Amino acid sequence: TEVPGIGKKRAAQLGQAFLEQYAAREAMVFLQSYGVPPSLAMKISKRYGAQAQQKIRENPYRLIDDIEGVGFLTADRIALTLGIARDSEYRLQSGIKYVLMEAASGEGHTFLPREMLLSHAASALRVNPGLLAHPLDTLLFNREIISFDIDGMEAMMLAAYYYAEKETAHYLQLLLSHSKEKKDAAIPDRIRRFEKEHSIEFSENQRRAVTQALERGLMVITGGPGTGKTTIINCILSLLKGKVLLAAPTGRAAKRMSEATGHEAKTLHRLLEFSGDEGLFQRNEENPLDCDCVIVDEMSMVDVFLMRSLLRALRSSTRLIL
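What counts and how
Residues numbered from 1 in each chain as written. Predicted model: local features only at pLDDT ≥ 70, side-chain atom pairs only at ≥ 80, totals over all residues. Heavy atoms only, no water. Helix = DSSP H or I, 4+ residues; strand = E, 2+ residues; numbered from the N terminus. Rg over C-alpha atoms; globule rule 2.2 N^0.38 Å. Buried < 20%, exposed > 50% of the residue type's maximum accessible area, 1.4 Å probe, protein only. Areas by Shrake-Rupley, 256 points an atom, 1.4 Å probe, with all protein chains shown as cover. Lys, Arg positive; Asp, Glu negative; His and termini not counted. Charge placed at Lys NZ, Arg CZ, Asp CG, Glu CD. Right-handed = clockwise from strand over helix to strand, strands pointing away. Pairing = 2+ DSSP bridges. Contact = heavy atoms within 4.5 Å. Axes fitted to C-alpha atoms, helices over the stretch in contact; angles between N-to-C directions. Parallel < 35°, antiparallel > 145°, perpendicular 65-115°, else oblique. Left-handed = near helix turned anticlockwise from the far one by under 90°. Nonpolar A, V, L, I, M, F, W, Y, C, P; charged D, E, K, R; others polar. Polar contact = N/O pair within 3.5 Å; in protein donor to acceptor, adjacent residues only side chain to side chain.

Asker: Sorry if this is basic, but what is going on with the overall build of the protein here?
Answerer: The secondary structure content of the protein amounts to 15 helices and ten strands. Taken over C-alpha atoms, the radius of gyration comes to 27 Å for the protein, far larger than the 20 Å a tight globule of 322 residues would show. Seen through its principal axes, the protein has C-alpha atoms that stretch 90 × 60 × 35 Å. With 322 residues in all, the protein has 40% of them scored as buried. Surface exposure of the protein reaches about 18,600 Å², of which carbon and sulfur atoms provide 51%. Here the protein carries 41 positive and 40 negative side-chain charges, and the mean point of each set is 4 Å from the other.

Asker: How do you make sense of the pairing of strand E9 (residues 293–296) when you look at a structure like this?
Answerer: If a strand is regular, its side chains alternate between the two faces of the sheet. Residues of E9 alternate between two faces, with Cys 293 and Ile 295 on one and Val 294 and Val 296 on the opposite face, all of them buried. Traced from E9 through helix H15 (residues 304–312) to strand E10 (residues 319–321), the parallel crossover comes out right-handed.

Asker: Just checking my understanding: could you explain unusual backbone geometry for this structure?
Answerer: With the exception of glycine, most residues fall at negative phi, and the peptide bonds are largely trans. For Arg 126, which is not glycine, the phi torsion reads 60° and is therefore positive. Position of Arg 126 among the secondary structure elements: in the loop between helix H7 (114–125) and helix H8 (133–141).

Asker: Help me understand the sheet that holds strand E5 (residues 244–248) in this model?
Answerer: Working definition: the strands of a sheet are paired by backbone hydrogen bonds and lie parallel or antiparallel to each other. Strand order in the open sheet made by the five strands is E4-E10-E9-E5-E6, with parallel pairing throughout. Of all strands in the sheet, those with a lone pairing partner are strand E4 (218–219) and strand E6 (265–267), marking the two edges. Direction of pairing for E5 relative to E6: parallel, over a ladder of three bridges. Bridged to Leu 246 within E6 is Ala 265.

Asker: When you look at the environment of Arg 319 in this model, what are you seeing that I'm missing?
Answerer: Looking at where Arg 319 falls in the secondary structure, it is placed in strand E10. Separated by 104 residues in sequence, Arg 319 and Glu 215 have C-alpha atoms that sit 9.6 Å apart. Once residues lying within four places of it in the same chain are set aside, the contact partners of Arg 319 are Ala 213, Leu 214, Glu 215, Arg 216, Gly 217, Leu 240, Asp 292, Cys 293 and Val 294.

Asker: Can you walk me through the packing of helix H10 (residues 187–197) against helix H12 (residues 229–239) in this structure?
Answerer: For any two helices packed against each other, one specifies the inter-axial angle together with the distance between the axes. Between H10 and H12, the shortest axis-to-axis distance is 10 Å and the interhelical angle comes to 120°. Looking at the two axes, H10 sits oblique to H12. Relative to H12, the crossing made by H10 is right-handed. Residues Arg 190, Ile 191 and Phe 194 of H10 form the contact with H12, whose own contacting residues are Thr 231, Asn 234, Cys 235, Ser 238 and Leu 239. Taken together, the residues that form the contact of H10 with H12 break down as four nonpolar, three polar and one charged.

Asker: What should I look at first to understand the packing of H10 against helix H11 (residues 204–215) in this one?
Answerer: Two elements in contact, H10 and H11, have axes whose closest approach is 11 Å; the angle formed by their N-to-C orientations is 125°. Classified by the angle their axes make, H10 and H11 are oblique. Of the two possible hands of crossing, H10 and H11 adopt the one that is right-handed. Facing H10, whose interface residues are Ile 187, Ile 191 and Glu 195, H11 presents Arg 207, Val 210, Thr 211, Leu 214 and Glu 215. Among the residues making up the contact of H10 with H11, the classes are represented as four nonpolar, one polar and three charged.

Asker: Would you explain the side chain of Ser 94 in this entry?
Answerer: Mapped onto the secondary structure, Ser 94 falls in helix H6 (residues 89–107). Looking at Ser 94, the relative accessible area reads 9%, which means it is buried. For Ser 94, the contacting residues outside a window of four places in its chain are Tyr 61, Ile 64 and Phe 72.

Asker: Looking at this structure, I do not really get the sheet that holds strand E2 (residues 145–150). What am I missing?
Answerer: With respect to topology, three strands assemble into an open sheet ordered E1-E3-E2, the strand pairing being antiparallel. Looking along the sheet, the strands with just one partner apiece sit at the ends: strand E1 (112–113) and E2. Relative to the sheet, helix H9 (residues 159–178) contacts E2 and strand E3 (153–158), its axis offset from that of E3 by approximately 100°.

Asker: What should I look at first to understand the side chain of Gln 206 in this one?
Answerer: Tracing the backbone shows Gln 206 in helix H11. Within polar-contact distance, the side chain of Gln 206 engages the backbone nitrogen of Ser 203 at 2.9 Å.

And the structure:
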């Protein structure tokens, strides 16, 4: 306020801005000293503001849930360097969730049996398995992990995967209940015409796959490389009536599908109109895909969250071939 033209209000604003910048700088220096990259340190600093150091010192594992891009290993490195005990409740709970996340994203197991989970978590955390019973019970009580029975085995699942699978099952049941099988006596002749035109001969299994895809609202076609899945898709495309959309989980798979069929194929993200800014799909229950059938190739690469998003964007009358 000793500077001409700066009153008490402006001086207070300048002081506040300085303190915020100072706190952000301190947080950046603090985080980078633990090996956190500058871009991630900036994200953390923005999220927590002046309380960044205090919050992280209290519980570094909160970073996993609060900040996209921070995994258990990063949080654990910071925690152990700060002197947080290996048997801290925060650490044990985060480690259990980490093991379930790794099982899902790395190996495709959306659940683990209770004993296997405890064994893997004890190994990852390097602690006695007996220490993990209470943290697991707390996670179950807070519904962060869901427990359910599969043929007498107690299965443990992260809540996000549990609800995604439940919703996926719900939508698949809807598709099945709305699609009554429609027998068409002309299909065998139409398949024979396609075989003649393309100088090929389908196996009995391939004919059955084409027939069922045309008669049912939901169909899964499986087979390794070179078993004729693409030829089956081409036959289905030539016989189906209405608007058909083709998709695959990756750009490369979509390009291969386009080249093999002569029809445009999109990645699932592009088909569902993913908005990077909002992190949401524009196609959903309120704005479903305008088509009669969707054919998705390379389904083994589709995870449960993307599957749920696809099903949300389908009308119950839309045919789905996987």
